[in-house]
Amino acid sequence: MIATLGRFIILTSVFVSAAGAMIAFAAGKRQSLDGLKLARRFAYAFAALMLLAVGVMEYALLTHDFSVSYVAQVGSREVPTWVTIVSLWSSLEGSILFWGLVMGLYIAGATWLTRKAYPDYMPFAIGTWLSCAAFFSFLISGPANPFVSVPNPPIDGNGPNPLLQNHILMVAHPPFLYLGYVGMTIPFGFACAALLRGRLGHSFLKPLRASLMLPWIFLTIAIMLGGWWAYEVLGWGGYWAWDPVENASLLPWLTATAALHSAVVMERRGVLKGWTVTLVQASFLLTILGTFMTRSGVFNSVHSFTQSSIGPTILVFLAAALLFSVVLLALRVDTLESEGRIESPVSREGMFLVNNLIFVLLTFTVLIGTVFPLVVEAFRGKQMSVGRPYFDSMVVPVGTALLFLIGVGPALPWGRAKRDQLVRSLLLPFASGAILGAIGFLAGARNPWTLVTLLFGGYAAWVTIVEMSRGGAKVLKRGRRRVGAYIVHAGAVIVLVAIAVSSTMKTQTEVQLTRGQSANIGMYTVTFLGAEDRTEPNRTSTVARFAVTSNGKPVTTMEPRMNQYPQMREPIGTPDVYSTVARDLYLSITNIDPGSRSVSVMMLITPMVSWIWIAVIVMGLGGVVALVPQRRVLAAEAKERVPDVAAEVA
Amino acid sequence: MKRSRLFLLLSLAVAAIAFGVIATTGISKNLVYYWSPTDITHARDKAYGATIRLGGQVAPGSIRMGNGSLLDFDVTDHQHTIHVRSNGVPPQMFREGIGVVVEGTMVRGGYFQSDRLMVSHNNEYRAPKPGEAINAKQLIKTTKGL
């Protein structure tokens, strides 16, 4: 019954989105205002249908209606209610349905916010969005249908994948990732609209930039949450392994970050229009590629689910979207005329160009390393993967250069830097870099890349703080976007430094302890107190207790555990982390004997890990500051431009 | 203007080629091969020094615990068998007959030196019946956490 209702809603949404897309494109071609109005209604209707479909699914999940295939697959009467609610995104079909909901909300929101503006562009944008919506509705209606009727419903189900039930971060990571991934559809629509319309005026930059910024914020946070989850759950003590699914989330982030920067140059100088549009399109295409990689089972991971027949369908959509983007670019990019040019490479805009080059380089590095094994397997049938050293050796130098750019870019003026400006912008802040480097050296950093990272980090931090405080309190009223950008930069500097320090300065050891025995790691002494079994409705756990002392003083008690889920053959460990500002102590059980007399435990001390989580949140907040609309900002910037031009002429 | 554009395009092309060369060498140096015992046997000398993920079944009766955390066992796909030496405590589920994936390389001593040992982590994995063929590729693909 519920299943039939769900299927009916989804079929309606296929029709609504497809019809809406056609109406919108037709309205764009004839520049018909009535057509645009009608297309908007279809956009709202799509969002409403998606909301309804998800409502129906959640109802089925909460009432344990196992006659709905998806509930039979992931539902269980045993799991806590919060797990039941988030089960929506714990497996393939439900997560695609959730994707549809997020897409509907984005499309409706973007349509609503632009209802009074850009009537010449909007039909094309709505048409592009609804075309994507039609594809995903189709996906939900057929290849990934969660609403299949189960003829003989089981009494109880297995519940979602235990790895996903194992940690509370699972509630936050997927929605953030979807908000980031799906959100890239909106700037993609705007970019295509600019190309179809054959114009990218100064005013249309605003929705393009804002619609890119919002998913960028979500994606930034989502990538961090994914790393954090891996750190807290997987038990190998790291947060990033260059796993294909991690790369999949990073790739669109890289191009979107590049696009956010090139959009600034476009705004200031009227150049790089076609380039910015290309980056925006690439960001969208990479989200689809990422969905293909994570959802089709070509790579095995927590994210891929066994019954995945949607791979080919997504691949066809990816190919179609790629073809559409490339053809559109080839035919129409000349219509986006440059209105100015770049004066000198030694200037802020010059540094923006280098920034873009670096982000594109990073994108290709990660993309090649991720896709290469797929290509080899497809053509030669051999299975392999690209090892971590490839990514590290390629990304570390480029990332370090990026850190230097965060410093030197904002230090240089627009237009053309004079010699004394150049010297001043380079030398003075380097003093603070040298200090940070020296502190690091005294704290034991010997890795050359870590020391260079500290040097550049101190430099970039100095420039960022000086530029941020320029203009004093007035800045919060006038230059909020600028301040937001510098907050993001400040966060990025801390993240890069913390990554360098945490990955090169950790201590790791694996010991076997019997009850009462102790082991030392760094400043800590870890004593195994014993273990006990705990039973919860959805799992049984063996919890090992460790007392942690430092110089004889008690610090904390830690409880890493082994969880046994009924539907899993193998227990899953949950490490325990004791975080301080300076370092994390990480305990992960690898083996515990049945009588709980002895335990094998991996102990790790990693410096500065918690800085990463906090600094990424700072980056997200900086994005929010930059995004909050300002009425007078455009007028203020127009005024700023005049003296700039005057200076160049002189 | 035209000349400078040509120069720009040329330098971009050179940079792109340089990047391509660096990236491909980087990749080919860091490939990790997914092999079964049969693949390793066929690869002969190529298996020495290459990073390999070897997938197969822990041969019954082959596990020998050495001093400390030293561990010896055989990995088989019922056609060929490779002797594995591993350091480090094995994961909780490690036992005879289970599907394993070990990462490491073949050494001249004629055994596989492993520095990482994973048991197949998949919900659907079941130990193969005696005499049944083992799909090592499938095993490696379904091993989580590698």
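Residues numbered from 1 in each chain as written. Chains lettered and ligands numbered in written order. Predicted model: local features only at pLDDT ≥ 70, side-chain atom pairs only at ≥ 80, totals over all residues.

Draft legend 1. Here's a closer look at the overall build of chain B. When helices and strands are counted, chain B shows three helices and seven strands. Burial statistics for chain B: of 146 residues in total, 32% are counted as buried. Considering only contacts in chain B between residues 6 or more positions apart, those separated by 24 or more positions represent 52%. (Helix = DSSP H or I, 4+ residues; strand = E, 2+ residues; numbered from the N terminus. Buried ≥ 20, exposed ≤ 12 C-beta atoms within 10 Å, placed from the backbone. Contact = placed C-beta atoms within 7 Å.)

Draft legend 2. How the structure looks around the overall build of chain A. Regarding its fold elements, chain A presents 21 helices and eleven strands. Expressed as lengths along the three principal axes of its C-alpha atoms, the size of chain A is roughly 80 × 70 × 55 Å. When contacts within chain A are restricted to residue pairs at least 6 apart in sequence, long-range pairs at least 24 apart make up 73% of them.

Draft legend 3. Region of the structure containing the environment of A:Leu442. With respect to the helices and strands, A:Leu442 occurs in helix α16 (residues 419-442). A:Leu442 sits 70 residues away from A:Phe372 along the chain, and the two C-alpha atoms are 42 Å apart.

Draft legend 4. Geometry of the pairing of strand β11 (residues 598-607) of chain A. All names here are of chain A. By the criterion of burial, β11 is predominantly enclosed, with nine of the ten residues buried. With eight bridges connecting them, strand β2 (residues 507-514) and β11 associate as antiparallel partners. Paired with Thr 507 across the bridge in β11 is Ile 605. Across nine bridges, the pairing between strand β10 (residues 583-592) and β11 is antiparallel. (Pairing = 2+ DSSP bridges.)

Draft legend 5. Broad picture of the nonpolar core. Residue and element names in this part refer to chain A. Formed by 181 residues in total, the largest nonpolar core has its most connected members in Ala 43, Phe 46, Ile 107, Leu 130, Ala 194 and Val 493. Top element by residues in this core is helix α10 (residues 205-233). It accounts for 17 residues. Two domains share this core, each providing at least three of its residues, namely domain 1 (1-160) and domain 2 (181-342). Ignoring any residue separated from it by four or fewer positions in sequence, one finds Phe 46 in contact with Ser 13, Val 16, Ser 17, Gly 20, Gly 104, Ile 107, Leu 130 and Ala 133. (Core = buried A, V, L, I, M, F, W, Y, C linked by C-beta atoms within 7 Å. Domains from an automatic or database assignment.)

Draft legend 6. Fine view of helix α19 (residues 480-504) of chain A. Relative to the 36 Å expected for 25 residues at 1.5 Å per residue, α19(A) spans 36 Å between its end C-alpha atoms, a close match to the ideal helical length. Within α19(A), 22 of the 25 residues are buried, leaving the element largely enclosed by the surrounding structure. (Expected span 1.5 Å × (residues − 1).)

Draft legend 7. Local environment of the domain arrangement of chain A. Residues and elements named next belong to chain A. Considered domain by domain, chain A is made up of domain 1 (1-160), domain 2 (181-342) and domain 3 (507-610). Computed over C-alpha atoms only, the centres of domain 1 and domain 2 are separated by 21 Å. Residue assignment for the side of domain 1 that touches domain 2 shows that the elements contributing at least two residues are α5 (92-113) and α6 (122-141). Element by element, the count of residues in the side of domain 1 that touches domain 2 is highest for α6, at seven residues. Along the lines of polarity and charge, the residues of the side of domain 1 that touches domain 2 split into 16 nonpolar, four polar and one charged. (Nonpolar A, V, L, I, M, F, W, Y, C, P; charged D, E, K, R; others polar.)

Draft legend 8. Geometry of the pairing of strand β6 (residues 553-558) of chain A. The pairing of strand β5 (residues 539-550) of chain A with β6(A) spans five bridges and is antiparallel. Considered in β6(A), the bridge of A:Ser550 is made with A:Lys553.

Draft legend 9. Structural context of the packing of helix α1 (residues 2-30) of chain A against α6(A). All names here are of chain A. As a packed pair, α1 and α6 sit with axes 8 Å apart at the nearest point and diverge in direction by 160 degrees. When the axes of α1 and α6 are compared, the pair comes out roughly antiparallel. Where α1 crosses over α6, the two elements pack in a sense that is left-handed. Residue-level contacts link Ile 10, Leu 11, Ser 13, Val 14, Ser 17, Ala 18, Gly 20, Ala 21, Ala 24, Phe 25, Ala 27 and Gly 28 of α1 to Pro 123, Phe 124, Ile 126, Gly 127, Leu 130, Ser 131, Ala 133, Ala 134, Ser 137, Phe 138, Ile 140 and Ser 141 of α6. The residue inventory of the contact of α1 with α6, partitioned by class, reads 16 nonpolar, eight polar and no charged. (Axes fitted to C-alpha atoms, helices over the stretch in contact; angles between N-to-C directions. Parallel < 35°, antiparallel > 145°, perpendicular 65-115°, else oblique. Left-handed = near helix turned anticlockwise from the far one by under 90°.)

Draft legend 10. Just the confidence of the model for chain A, in detail. When pLDDT is averaged along chain A, the result is 87; 93% of the residues meet or exceed 70. Here residues 633-650 of chain A scores under 50 on pLDDT; set against residues more than four positions off or in separate chains, the count is seven contacts. (pLDDT = per-residue confidence, 0-100.)

Draft legend 11. The arrangement of unusual backbone geometry in detail. A positive phi angle, close to 50 degrees, is found at A:Tyr118, a residue other than glycine. With respect to the secondary-structure elements, A:Tyr118 resides in the loop between α5 and α6. The class for A:Tyr118 is buried, based on 21 C-beta atoms found within 10 Å. The backbone phi angle of B:His78 is positive, close to 70 degrees, even though this residue is not glycine. Mapped onto the fold, B:His78 is located in the loop between β4 (71-76) and β5 (81-86).

Draft legend 12. Layout of the packing of helix α15 (residues 388-411) of chain A against α16(A). Residue and element names in this part refer to chain A. Relative to each other, α15 and α16 sit at 135 degrees, their axes nearing to 9 Å. The angle between α15 and α16 places the two elements in the oblique class. At the point where α15 passes α16, the crossing takes the right-handed sense. In this structure, α15 uses Gly 407, Val 408 and Ala 411 to contact α16, whose residues at the interface are Ser 425, Leu 426 and Pro 429. When grouped by side-chain class, the residues that make up the contact of α15 with α16 number four nonpolar, two polar and no charged.

Draft legend 13. Focus on the sheet that holds β2(A). Residues and elements named next belong to chain A. The sheet built from four strands is open, its strands ordered β2-β11-β10-β9 with antiparallel pairing. With one partner strand each, in any of the chains shown, β2 and β9 (576-579) form the two edges of the open sheet. Strand-to-strand twist of the sheet, defined as the mean angle between neighbouring strand axes without regard to direction, takes the value 20 degrees. Pairing of β9 with β10 involves four bridges; the strand directions are antiparallel.

Draft legend 14. Just the environment of A:Val265, in detail. Inspection of the secondary structure assignment puts A:Val265 in helix α11 (residues 244-269). Setting aside residues up to four positions removed in sequence, A:Val265 forms contacts with A:Val271, A:Leu272, A:Glu349 and A:Phe352.

Draft legend 15. The arrangement of the confidence of the model for chain B in detail. Residues and elements named next belong to chain B. Residues with a pLDDT of 70 or more make up 77% of chain B, whose mean pLDDT is 78. Predicted confidence is poor over residues 122-128, with pLDDT under 50, and the contacts of this stretch with residues over four places away or in other chains come to 13 contacts. Across the predicted assembly, pTM comes out at 0.90 and ipTM at 0.79.

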